[in-house]
Amino acid sequence: MESLLRQLVDEGKPRLLGDPEWVCRAVACLTGGKNSWVTQRALRRAVTEAMATAGPGTL
């Protein structure tokens, strides 16, 4: 979640946190059972994928 928040702020999209459906989709993607985020690069990639999966949001 910290990485998701950081990336949203970095991309100027923190408003998406106000969209409960978007947050649910992003979190569902991040909690897909992957505990292999050994590196920061892998974690950033996972967050990027979660954001893409969640879509643009409705806000």
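Only a predicted model underlies this, so the values are computations on that prediction, with no experimental measurement involved.

## Some words on the environment of Arg 15
Move 1: In this fold, Arg 15 is placed in the loop between α1 (2–10) and α2 (20–30).
Move 2: Separated by 42 residues in sequence, Arg 15 and Gly 57 place their C-alpha atoms 9.1 Å apart.

## Some remarks on the pattern of salt bridges
Move 1: Going through the model one piece at a time under the given rule, you end up with two salt bridges.
Move 2: The closest approach of N and O atoms between Glu 11 and Lys 13, which form a salt bridge, is 3.6 Å.
Move 3: Overall, Glu 11 belongs to the partly exposed group, its relative accessible area being 39%.
Move 4: According to the relative accessible area criterion, Lys 13 is partly exposed, its value standing at 31%.

Quick notes on the rules
Residues numbered from 1 in each chain as written. Predicted model: local features only at pLDDT ≥ 70, side-chain atom pairs only at ≥ 80, totals over all residues. Heavy atoms only, no water. Helix = DSSP H or I, 4+ residues; strand = E, 2+ residues; numbered from the N terminus. Salt bridge = Lys/Arg side-chain N within 4 Å of Asp/Glu carboxyl O. Buried < 20%, exposed > 50% of the residue type's maximum accessible area, 1.4 Å probe, protein only.

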